[in-house]
Amino acid sequence: QIQLVESGGGLVQDGGSLRLSCAVSGGPLSRYTIGWFRQAPGKEREFVTTIRYSGHTYYADSVKGRFTISRDNPKSTVYLQMNSLTPDDTAVYYCAGGSGIILSSIRNHANYPYWGQGTQVTVSS
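So, here is what we can say about the structure in this document. Every value quoted in this text rests on a predicted model; they were computed, and no experiment measured them. Every chain's residues receive numbers from 1 upward, in the order its sequence appears when written. Side-chain atom pairs in this predicted model are given and counted only at pLDDT of 80 or more, local residue features only at pLDDT of at least 70, and totals for whole chains, interfaces and linings cover all residues. Hydrogens and water are ignored here; the side-chain numbers use all heavy atoms of the structure.

Points about the environment of arginine 38
Its place among the elements puts arginine 38 in strand β4 (residues 33–39). With a 1.4 Å probe rolled over the protein chains alone, any residue whose accessible area is under 20% of its type maximum counts as buried; one over 50% counts as exposed, and the rest are partly exposed. Residue class for arginine 38 comes out buried when judged on its relative accessible area of 5%. Residue contacts are counted whenever heavy atoms from the two residues lie within 4.5 Å of one another. In this view, arginine 38 contacts Glu44, Arg45, Glu46, Val48, Ser62, Val63, Phe67, Asp88, Asp89, Ala91, Val92 and Tyr93; residues no more than four positions away in its chain are not counted. Side-chain polar atoms of arginine 38 contact the side chain of glutamate 46, separated by 2.6 Å. By the criterion applied in these results, polar contacts are pairs of N or O atoms within 3.5 Å in which, for protein atoms, one can donate a hydrogen and the other can accept it, and in which residues neighboring in sequence qualify only through two side-chain atoms. Side chain to side chain, arginine 38 and aspartate 89 meet in a polar contact 2.9 Å long. For helices the rule is a DSSP run of H or I covering at least 4 residues; for strands it is a run of E covering at least 2, with both sets numbered from the N terminus onward.

Digging into the nonpolar core
For this analysis, a nonpolar core means a set of buried residues of the types Ala, Val, Leu, Ile, Met, Phe, Trp, Tyr and Cys, connected via side-chain atoms within 4.5 Å. Judged by nonpolar contacts, the single largest core of 34 residues is most densely connected at Ile34, Trp36, Met82 and Tyr93. In contact with isoleucine 34, other than residues within four places in its own chain, are Ile2, Leu4, Cys22, Val24, Leu29, Thr50, Ile51, Ile69, Val78, Ala96 and Gly97.

Remarks on the side chain of threonine 77
With respect to the helices and strands, the residue threonine 77 is situated in strand β8 (residues 77–82). Residue class for threonine 77 comes out buried when judged on its relative accessible area of 11%. A polar contact of 2.9 Å, which involves the side chain of threonine 77, links it to the backbone oxygen of lysine 75. In this structure threonine 77 touches Ser21, Cys22, Ala23, Leu29, Ser70, Arg71 and Asp72, once residues within four positions along its chain are discounted.

Pasting the structure below:
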């Protein structure tokens, strides 16, 4: 079982950037798929991006070209660099982890058993 703790959220202006961090403990990061999901008020939790144990990365169409996921195995941390933010990106961002998640299931939050507490990202217009 792994534990995840997000940090780095905050308030940013339209067009700005933020970097979120997800510190992972309780297991080697290289064995897990770690994803970022977000949930805006009144909306469903949605997939943002994920990095598989192999290092391959996948993105939602809405963030492709603006967001970048990366990981630092020695630091056991996954990062989400968010550029060109818009008010539509406002949400609570969660990192989530799991092992053995097949490729066809990586966009479904139900397949990630481990979750952080979330960090708020607010983009003002």
